[in-house]
Amino acid sequence: MEETKGEEMESASWKQSEEGLMNDKKQIFILSGQSNMAGRGGVSVTPHKKWDGVVPPECRPDPSILRLNAGLQWEEAHEPLHADIDNKKVCGVGPGMSFANAIRSRGLNVGVIGLVPCAVGGTAIKQWERGQHLYEKMVRRAKESVKEGSGEIRAVVWYQGESDTSSQHDAHSYKANMEKLIRDVRSDLNSPSLPFIQVAIASGDGRFIERVREAQLGINLNNVICVDAQGLPLKEDNLHLTTEAQVQLGNMLADGYLTHFASSATCPTPTT
């Protein structure tokens, strides 16, 4: 009887602690783009795709790392981070969890990290234009993440571009389209200096990969940095990063954030 009572008290204490973390002010990161952000690490390349369920130590859950789920509720984050967002595809390991864990292990006084997954596989940048469904959903989720002063958006982490490598026109216009997206997001979130951490693609659907990479590496806007994924291991499909590569990329993204933005002034909290 005493043992049962003790277990109940321990369970209640854990629940209270969990609720406290949910209510704590969060350092929020928007994760967006296409499949390599959503995560295909550990997903088989056979027609009947399945995730192998392997979660590297760098991607393990932590009570202080939360995610905003598809129902706009905070919950403890775990792989696959985008499972209910990129829900028409099979998701596996992406860079988000290793990114968050790396920030927690290297950053000082980080507190609670809130991840807002928004990436959808197979999407070109024109599908992320202001007014398009994906763009509006991303902005809506970003605004919801800071509702009632629950946190501050620290950065948008963006990995996209593979679907823009098939057409010379799409590749040529990528730089202008990406710069417009950055300006639009900053405007709609009332955060003119909001940091963007973009990934220069390591692969693509077509023959204009280098043109898109040049665009990504050539963006010269304030508070925009680029982390280069070239050379990271790819799966047999020569398109998606392996689980190990995703872990490495997450660490690279964390390095970029901590080096360029962690000590900077906080960004204005978006208004709804």
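Up top is the structure.
All values derive from a computational prediction rather than experimental measurement.

Draft legend 1. Summary view of unusual backbone geometry. Geometrically, the link from E79 to P80 is a cis peptide bond, its omega value of -10 degrees lying close to zero. Counting through the fold element by element, P80 comes out in the loop between β3 (74-76) and α3 (96-106). Positive phi is not limited to glycine here, since L72 has a value of about 65 degrees. Along the chain, L72 turns up in the loop between β2 (65-68) and β3. Positive phi, normally seen in glycine, also occurs at N190, with a value near 50 degrees. Within the secondary structure, N190 is located in the loop between α6 (174-188) and β6 (196-200).

Draft legend 2. Structural view of the environment of V93. Along the chain, V93 falls in the loop between β3 and α3. V93 sits in the buried class, given a relative accessible area of 0%. For V93 and L241, which are 148 residues apart along the polypeptide, the C-alpha to C-alpha distance reads 9.3 Å.

Draft legend 3. Fine view of the sheet that holds strand β1 (residues 26-33). Strands sit in the order β3-β2-β4-β1-β5-β6-β7 across an open sheet of 7 strands; the sheet is mixed. At either margin of the open sheet sits one strand with a lone partner, and together these are β3 and β7 (224-228). The mean angle between the axes of side-by-side strands here comes to 25 degrees, regardless of whether they run parallel or antiparallel. Across 3 bridges, the pairing between β2 and β3 is antiparallel.

Calculation rules
- Residues numbered from 1 in each chain as written.
- Predicted model: local features only at pLDDT ≥ 70, side-chain atom pairs only at ≥ 80, totals over all residues.
- Heavy atoms only, no water.
- Helix = DSSP H or I, 4+ residues; strand = E, 2+ residues; numbered from the N terminus.
- Buried < 20%, exposed > 50% of the residue type's maximum accessible area, 1.4 Å probe, protein only.
- Pairing = 2+ DSSP bridges.
- Axes fitted to C-alpha atoms, helices over the stretch in contact; angles between N-to-C directions.

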